[in-house]
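Descriptive analysis of the structure
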Number of protein chains: 4
Amino acid sequence: MRAAIVGSTGYGGVELIRLLEAHPNVTVTSVVSSSSAGSYYSETFPHLTEIVAGVMDDVDPALIRGKADVVFLATPHGVSAQLAPRFLEAGLKVIDLSGDFRLKDPAAYEAWYKKGAADQAYLDRAVFGMCELFGDEVAGADFVSNPGCFPTATTLGLYPAVKAGWIDPNSIIIDSKTGVSGAGRGLNLSSHFSEVNENLKAYKVNQHQHTPEIEMVLSRAAGRPVTTTFTTHLVPMTRGIMSTMYAAVTDRDRTTGDFLQLYREFYQDRRFIRIRQAGTYPATKEVYGSNYCDIGLNVDARTGRITIISVIDNLVKGAAGQAIQNLNLMMGWDETLGLGFAPVYP
Amino acid sequence: MRAAIVGSTGYGGVELIRLLEAHPNVTVTSVVSSSSAGSYYSETFPHLTEIVAGVMDDVDPALIRGKADVVFLATPHGVSAQLAPRFLEAGLKVIDLSGDFRLKDPAAYEAWYKKGAADQAYLDRAVFGMCELFGDEVAGADFVSNPGCFPTATTLGLYPAVKAGWIDPNSIIIDSKTGVSGAGRGLNLSSHFSEVNENLKAYKVNQHQHTPEIEMVLSRAAGRPVTTTFTTHLVPMTRGIMSTMYAAVTDRDRTTGDFLQLYREFYQDRRFIRIRQAGTYPATKEVYGSNYCDIGLNVDARTGRITIISVIDNLVKGAAGQAIQNLNLMMGWDETLGLGFAPVYP
Amino acid sequence: MRAAIVGSTGYGGVELIRLLEAHPNVTVTSVVSSSSAGSYYSETFPHLTEIVAGVMDDVDPALIRGKADVVFLATPHGVSAQLAPRFLEAGLKVIDLSGDFRLKDPAAYEAWYKKGAADQAYLDRAVFGMCELFGDEVAGADFVSNPGCFPTATTLGLYPAVKAGWIDPNSIIIDSKTGVSGAGRGLNLSSHFSEVNENLKAYKVNQHQHTPEIEMVLSRAAGRPVTTTFTTHLVPMTRGIMSTMYAAVTDRDRTTGDFLQLYREFYQDRRFIRIRQAGTYPATKEVYGSNYCDIGLNVDARTGRITIISVIDNLVKGAAGQAIQNLNLMMGWDETLGLGFAPVYP
Amino acid sequence: MRAAIVGSTGYGGVELIRLLEAHPNVTVTSVVSSSSAGSYYSETFPHLTEIVAGVMDDVDPALIRGKADVVFLATPHGVSAQLAPRFLEAGLKVIDLSGDFRLKDPAAYEAWYKKGAADQAYLDRAVFGMCELFGDEVAGADFVSNPGCFPTATTLGLYPAVKAGWIDPNSIIIDSKTGVSGAGRGLNLSSHFSEVNENLKAYKVNQHQHTPEIEMVLSRAAGRPVTTTFTTHLVPMTRGIMSTMYAAVTDRDRTTGDFLQLYREFYQDRRFIRIRQAGTYPATKEVYGSNYCDIGLNVDARTGRITIISVIDNLVKGAAGQAIQNLNLMMGWDETLGLGFAPVYP
């Protein structure tokens, strides 16, 4: 299968290329960039010298249709809304990594993203590709909206407990922490080394655009509207997301062991979800460079609350890896195809 | 005034020496270490070459009484419990940086610290030195128990709202993050560079020994027993603590501005507490190397919850700096004496 | 092919396991540790949960012979000297990652390593596996001594110029910098996070045990004894080695372009060596997690000196990756088998 | 004394403000920025909340003359060349931190800086303020050109040996490493966190604009023109410079001890230079946040070369600290005034 990567000079794009290099069924045949068309990709990314040979293509759906069967859009919010319909109409399958097609309600998108929403017809057509939760809906789709990095770590960690009714969904508090690569490759003082190194900061307090996406998934689990408190922090590291999540348990007799058992059963066939032993909690480096989402949890009898900790690599399971996992599901391949490598540690 | 530092080869001890070098009223006359007595301090800490000239003394209260008027105990939990009475009986003023004299209930100490508690008479005698909250009690004391790093950041951030009854104290969830120096200079795989760098991990989930200290202060604010959820995380940086705190507001009509006003008034004469503008939140580097505690907050009308963010340098306001501030209060000096320097940034 | 990893709880061992997981011809059938035999490997390395299932074996050559065909010794200097003969006598192929069999002169080993040397018969039998320089000698061998991390980066960067007589070998100065994982997983204050982070230090100035190994290779290139100045520095990062090398050129008319051409021809069939364009120099992250060695250089007409910059990932090309490359060469497989993945960036 | 800081939104400017806050004889009365005039300084730098109260002034020499006696120019190369004459003509003392007035030969400036040089009259008037080497020339001056960060670390480490004729000046090779703050606060992909973190790169190989400044000082020491090889590397840390320097000794009988004795005598009255014991070498963190320059060295009998290691904090001794030291010298004050604090460690 031939693939094109649009937005290839960003971190999502270059991670797609790294991962697809190792995929047995896919060849990257077009590396696309509106800003750098015509220049060699390895000049932008010297680590791919002698690995990616060619020059970048312009954003031209007709041209790309001649070279590829599927296009990954690793483009910014607002750009994908414009590009996805053009590539779909050109006859390509589309996997969009931006937030433009995740929320089905344009008003919610506009309220949180502060931009105009995509066309409703395409919002309806895009399948929300949270693989371990809604993977069945992805099979056979030609247009998948890849979930956000925070929603992936967060909802994978909360879904079984909410679905089972074992925690009160409206008591959920989500404290998330991310490495700096999540902010992308665009220059900004908040990603400037001397500002970020040896520093920890909160940002978008109660205003992060991933909030409605998280609530959308949790509401589906709960069967009723859920509202959550969600805060994000920037950690001086390149990769990794951790969500530390707090909720009131609905039955104080349920133990840590009961919850672990629930989670193991819920995810029993899902290779990329690893539930940790009681008393141990995953660290972000334990999934570095891989498609795993690792989850640990603890019920505190003193307070009647559960603490759930979920980690991913934001560029893999939180972006490029899950996008490839979605391609595997679209094509009816094993979902782990090309993604079955171990984390890089240390 | 002449000061001795016991436990001088740890990070708390060496930070005391850095800060006291700049204190106009204090001279460090004895640098004490049980493990390194007789060797030059600057061999252990070459950054103090030509600044600290002498060799380390052994832990000998009589000897030290001849050289010093006050002793800072920067010793591990369990050690201070033994040493503090000996130094007090020798006639020295004592400021203890360990956790051994903070909790007045020996049973609570033993449950959380998994060690035998100090003698009740000395527990009763030690004044808990959270300067901005209970500083009045420190004046004239000869034995002060310096607060823990997490309790300092956390309770300074919560106290005004709990005291005013503006948040429900039993709804409080505290998500804390610390730099690695908080784990001390002792060797441990969890402080090994390659394990910590590019990594984020949670530890002591629902089991951190600072939990009862936090609850002790909040209970005092609330006027009734308070139970909280408290989780700590290790961040790949050397210095800094951030507590992100969540609670239900008791009156949904109160705004972010109302809370900021409450905090500004509560801390109006306290030089080391800085309340940030609405919409901005402190980062740990903004207090790096200094005795400040910076606080920002946001009320979310959607959820009826407040998010409060409080940062300190764990080695300064969370340890050595507050200890010196306590000395200033004990002696009736201006509490900022020797501590009025700007943070190191970037 | 079945492989055993001895010293599996160190960083070299765990990297071998990561890489061999992806090797099409090799299965790791025994994970060996003298200190942790009988416990689950994934308890020591949770990132391998559900990837490596079993418990660790003890160091028992007869037992391991029943389970494996080749053994990788990722054991400390001094230990391999004892173990390698035992495994060889048991009929296993051996690839040793320590320094014990690299130097053929026991006196040199003892002078630089401050330990007793291995038995001369085994020193003679071990093939020094610097793949791109002496790979022909590895084919068919049953005992390979894998080169050191600094010698790999350094001699790959210097060999073509010395061999061609284009630089004066006795003018060579090597300034090397390494990430902290090179110091291993053993606890030491010099790998303690708070000591290393935001810090840069030189160590073993003019005393590093890799000096004679570098001189051994360069002497072979020059056809006469070569002495070099070699200094190592510890950089606050986990992975990566850079050697910045300086030498006097023998003919001041030769340009940067001439040298680049020489290097490209010398390494033209070697997939893992990438020579950079004039005016660009490799950074360590550009080979992160991969088996590449990237080289850039510049001739300065002002001074008549060349500056050569060579980078590797110390745990891959500098240890586990080159060890697998040596296995490939021993077995007559394509040397890139199982190693042809892209670097992880960013 | 009243001081103005021009270029106050850069890292050099903000470090001047931090240090001058603690200076007993100086008050910062004007914080100047062409881009941010009229806005509050603490909005740009929240760590100075409640420390620096006012708004920034525009670059107006007449206005500033009314508020200040001395102006520090922490402005980029090319800008200082224009501004310094205007402030001098307005009657202010000027200390310039840029490279515009260091080289007395305009042709050399233009060759290395790729910009037009400052007016020759002002080049001649500016005193080059390398305090420990040429401090006598600074006394009474009204216009000082503050040295570059690399030249400070480097020439302080080489000067005594070159001056004494103990090393061959034309054999000198300088391998320098710097933290990222040296690149300033301006946005650039090469200071973008995800590009720099866990990475080490060389830059401006044989082309760094500090080369002629280093050669100027060494030529003065040698009494004849000296040419050196100089390479710079970017290290993933915020502060700190290390220069590792190599040279042939002129008499192979001289030992490490001889050189250490030479250095101790040369710098015997200079408080900010610390010469380390034989066998130990300074690390950058050992001068963090301070005005020290620490030096260690080793003579290698095998090669007839000396290795000299010199470290500074690039923002203090390499910029703001030395600028204040120069002010102290200009005014006839003790050169350590306001600078006598210990490094921040860890």
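Definitions and limits used
Residues numbered from 1 in each chain as written. Chains lettered and ligands numbered in written order. Predicted model: local features only at pLDDT ≥ 70, side-chain atom pairs only at ≥ 80, totals over all residues. Heavy atoms only, no water. Helix = DSSP H or I, 4+ residues; strand = E, 2+ residues; numbered from the N terminus. Expected span 1.5 Å × (residues − 1). Bend = angle between axes of the 7 residues up to and from the residue. Buried < 20%, exposed > 50% of the residue type's maximum accessible area, 1.4 Å probe, protein only. Pairing = 2+ DSSP bridges. Axes fitted to C-alpha atoms, helices over the stretch in contact; angles between N-to-C directions. Contact = heavy atoms within 4.5 Å. Least-squares fit on C-alpha atoms with pLDDT ≥ 70 in both. Phe/Tyr/Trp six-rings, centres within 6.5 Å; stacked < 30°, edge-to-face > 60°. Buried area = accessible area lost by both parts, 1.4 Å probe. Salt bridge = Lys/Arg side-chain N within 4 Å of Asp/Glu carboxyl O. Polar contact = N/O pair within 3.5 Å; in protein donor to acceptor, adjacent residues only side chain to side chain. Domains from an automatic or database assignment. Nonpolar A, V, L, I, M, F, W, Y, C, P; charged D, E, K, R; others polar. 1 Å grid on protein atoms, 1.4 Å probe; cavity = no way out; pocket = protein on both sides within 12 Å on 5 of 7 lines; lining within 4 Å. Points joined across faces, edges and corners; volume = space filled by probe spheres on them.

1. Regarding helix α8 (residues 149–163) of chain B
Residue and element names in this part refer to chain B.
- Taking 1.5 Å as the rise per residue, α8 with 15 residues should run 21 Å; its terminal C-alpha atoms sit 21 Å apart, in good agreement.
- Of all the bends in α8, the greatest, near 35 degrees, is centred on T155.
- Of all the 15 residues making up α8, 14 are buried; the element is thus mostly covered by neighbouring parts of the structure.
- G165 sits one or two residues past α8 and shows a positive phi near 75 degrees.

2. Section: the sheet that holds strand β9 (residues 229–234) of chain B
Residue and element names in this part refer to chain B.
- Across the sheet, seven strands lie side by side as β8-β9-β7-β10-β13-β12-β11; this open sheet has mixed pairing. Only two strands of the sheet have a single partner each, and these edge strands are β8 (201–203) and β11 (273–275). Along the sheet, successive strands turn relative to each other by an average axial angle of 20 degrees, direction set aside.
- Summarising the sheet, strand β10 (residues 241–248) and strand β13 (residues 305–312) pair through eight bridges and their orientation is antiparallel. Counterpart to Y246 in the pairing with β13 is T307.
- α8 contacts β7 (173–178), β8, β9, β10, β11, β12 (293–300) and β13 of the sheet and is inclined by roughly 40 degrees relative to β10.

3. Some remarks on the relation of the copies chain B and chain A
- Between the two copies, chain B and chain A, the superposition gives an RMSD of 0.0 Å; the rotation angle is 180 degrees and the shift along the axis is 0.0 Å. Such a combination of rotation and displacement between the chain copies is what one expects of a two-fold axis.
- Of the residues that chain B buries at the interface, 100% are likewise interface residues in chain A, meaning the two copies contact each other through the same surface.

4. Details of the packing of aromatic side chains
- Within this structure, the stated rule accounts for 46 aromatic pairs over all chains.
- Here Y109 of chain C and Y113 of chain C contribute two aromatic rings whose centre-to-centre distance is 4.4 Å and whose plane-to-plane angle is 5 degrees, an arrangement assigned as stacked. On the criterion of helical spacing, the pair formed by Y109 of chain C and Y113 of chain C is a turn pair, its members being four residues apart in helix α5 (residues 106–113).
- Judged by its relative accessible area of 8%, Y113 of chain C falls in the buried class.
- Their ring planes at 75 degrees and their centres at 6.0 Å tell us that F272 of chain D and Y292 of chain D sit as a pair that is edge-to-face. Of this pair, F272 of chain D sits in the loop between α11 (256–266) and β11 (273–275) while Y292 of chain D sits in the loop between β11 and β12 (293–300), placing them 20 residues apart in sequence.
- Residue classification places F272 of chain D among the buried residues on the basis of a relative accessible area of 0%.
- Its relative accessible area of 1% is what places Y292 of chain D among the buried residues.

5. Here we look at the interface of chain C and chain D
- Contacts between chain C and chain D engage 47 residues on the former and 47 residues on the latter.
- Buried surface at the junction of chain C and chain D, summed over both partners, amounts to about 4,000 Å²; 53% is from carbon and sulfur atoms.
- When the buried area of chain C at its contact with chain D is split by residue, E198, L200 and R302 of chain C rank highest and sum to 18% of it.
- Between chain C and chain D we count four salt bridges in total.
- Between E215 of chain C and R302 of chain D there is a salt bridge, with its nearest N and O atoms 2.6 Å apart.
- Applying the counting rule to chain C against chain D returns 32 residue pairs in polar contact (both at pLDDT 80 or more).

6. A few points about the domain arrangement of chain A
Residue and element names in this part refer to chain A.
- Under the domain assignment, chain A is made up of domain 1 (2–125) and domain 2 (150–314).
- The straight-line distance from the C-alpha centre of domain 1 to that of domain 2 is 27 Å.
- Each partner contributes residues to the interface: domain 1 has eleven residues there, and domain 2 has 14 residues.
- Of the roughly 1,100 Å² buried at the junction of domain 1 and domain 2 (both faces included), carbon and sulfur atoms supply 58%.
- When residues of domain 1 are sorted by the area they lose upon contact with domain 2, Y11, R102 and W112 head the list and together hold 53% of the total.
- Run the count over domain 1 and domain 2 and you get two salt bridges.
- Linking domain 1 to domain 2 there are four residue pairs in polar contact (both at pLDDT 80 or more).
- Elements supplying a minimum of two residues to the side of domain 1 that touches domain 2: α1 (11–20) and α5 (106–113).
- A total of three residues in the side of domain 1 that touches domain 2 trace back to one element, the largest contributor, which is α1.
- For the side of domain 1 that touches domain 2, a count of residues per class yields five nonpolar, three polar and three charged.

7. Examining empty space enclosed by the protein
- All chains considered together, the criterion is met by two cavities of 30 Å³ or more.
- Considering only enclosed or pocket space, the largest cavity measures out at about 70 Å³ in volume.
- Taken together, N197 and P236 of chain A, N197 and P236 of chain B, N197 and P236 of chain C together with N197 and P236 of chain D make up the lining of the largest cavity.
- Of the residues that constitute the lining of the largest cavity, the class distribution is four nonpolar, four polar and no charged.
- Within this model, the second largest cavity holds a volume of roughly 30 Å³.
- If you go around the second largest cavity, the residues you meet are V249, R252, R254, V299, D300, A301 and G304 of chain A.
- By residue class, the composition of the lining of the second largest cavity is three nonpolar, one polar and three charged.

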